[in-house]
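# Summary of the model geometry
In case you want the letters, here they are:
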Amino acid sequence: MDNIVNAVLNFLSSTGLHIAQAIIILLVGLFVIKKVSNILKIGLIKTTNNRTMSTFVTSILNVVLTFFLVMIVFNILSIPTDGIMQLLSACVLAVGLSLKDSVNHLASGLIIVSTKPFKEGDFVNINGVEGKVKAVHMFNTQVKTTDNKIITVPNSNIVSDNIINYDALATRRIDIRLYVAYGSDLDKCKKVFEEVVKKTKLTLKTPAPEYLLDNYGSSSIEFVVRVWVRSANYWNVRDDLMKSFYNAMNENGIEIPFNTLDLNIRNVEKSIHIIDTKEEK
C-alpha cells in the first residue's frame, strides 16, 4: 500500500505537475490568442477601415499562434519536438502536393485582400451567388443570401470568375421597362412617367432621369425609364416606382397590353360528313 501511495505522490510531484501546467498553459494560451485576435481585428478595422482584410489576417494569426502554443505545451510535457517538426515538414510537403487546390485558395485569398474587389457587407454576385459578403477566410469566402443562407465560395473560384459588386459605387441606376398599347398618346405617357419619378422620394436629380421610347414590340410599345439613386436605396426606390407606375397608368387611362391568342376553329362536322359519304359510295 505504501508503495502505491509513494508512486502516486511521485507521479503528482513530477509528471502530474507537468500535465497540470500544460493544461493551464493551453487553456490560458487559447484565451489569450482569442483576445489578441479580437484586439488586432478591431485595431485593423480602425486603422485600415477594411473589415475583409482584418478577418483574413486574424484567421491566419490564429493558426500560427495556436501552432506555437502546441509546441510550448509539448516542451512542458518533455515531448521531443525535433521529430515532430521533421514529421510536420514531411506532412506539409505531402499535403502541399496533394492539396494544391487549398494552396491556390490561400493565394487567391491574399489576392482578394490586396486587390479589394469587395469588402465585408457589400452586396455582390460571385460565381452566380448573390448576397452580402459575410467574411473572407484563408481558403473561402462566405456569402449571406437574401433568404438568410450562408454559401461558402472557394477563393480561387472568386479570383478566376467575374465579380459584380453592387455596392462598390455610391450610386446605381434603376432601369424599368414599361409597356403601353398601340394607339396610346406617347407624349402623355412620357409626362405621366415624369410625374411619377418627381413624386418618388430618394431619386436623384443628377444624373437626370431618362424616358426613352425603346422598342416597337409585337403587341406593345416599350418605354425604358432610367433613374439614379443611392446604392443603399436601390431596392426600396425600385419597389416604390414599380407600384407608382402601375397606379399612375391606370388612373390616366393608359392601357397596359397583354398577350392575346387568336383561335381559328375549322368546321369539323362538315369534314366528317364528307368523308362518311365517300365511304358509303
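Residues numbered from 1 in each chain as written. Predicted model: local features only at pLDDT ≥ 70, side-chain atom pairs only at ≥ 80, totals over all residues. Heavy atoms only, no water.

### Let's talk about the nonpolar core
Of all hydrophobic cores here, the largest spans 22 residues; its most connected members are Leu178, Val180, Phe193, Val225, Leu241 and Phe245. Secondary structure elements with two or more residues in this core: strand S6 (171–180), helix H7 (186–199), strand S8 (221–230) and helix H8 (234–251). If we skip the residues at most four places from it in the chain, Val225 touches Ile174, Asp175, Ile176, Leu178, Phe193, Val197, Glu210, Tyr211 and Phe245. Judged by nonpolar contacts, the second largest core, of twelve residues, contains Phe56, Val113, Phe118 and Val153. (Core = buried A, V, L, I, M, F, W, Y, C linked by side-chain atoms within 4.5 Å. Buried < 20%, exposed > 50% of the residue type's maximum accessible area, 1.4 Å probe, protein only. Helix = DSSP H or I, 4+ residues; strand = E, 2+ residues; numbered from the N terminus. Contact = heavy atoms within 4.5 Å.)

### So, the sheet that holds strand S5 (residues 163–165)
A sheet is described by the order of its strands in space; here five strands give the open sequence S4-S3-S2-S1-S5, paired in antiparallel fashion. Only two strands of the sheet have a single neighbouring strand rather than two, namely strand S4 (150–154) and S5. Adjacent strand axes in the sheet meet at a mean angle of 40 degrees when their direction is disregarded. Two elements, strand S3 (residues 140–144) and S4, share five bridges in a ladder whose sense is antiparallel. Among the inter-strand pairings, Val143 is bridged to a residue of S4, identified as Ile151. (Pairing = 2+ DSSP bridges. Axes fitted to C-alpha atoms, helices over the stretch in contact; angles between N-to-C directions.)

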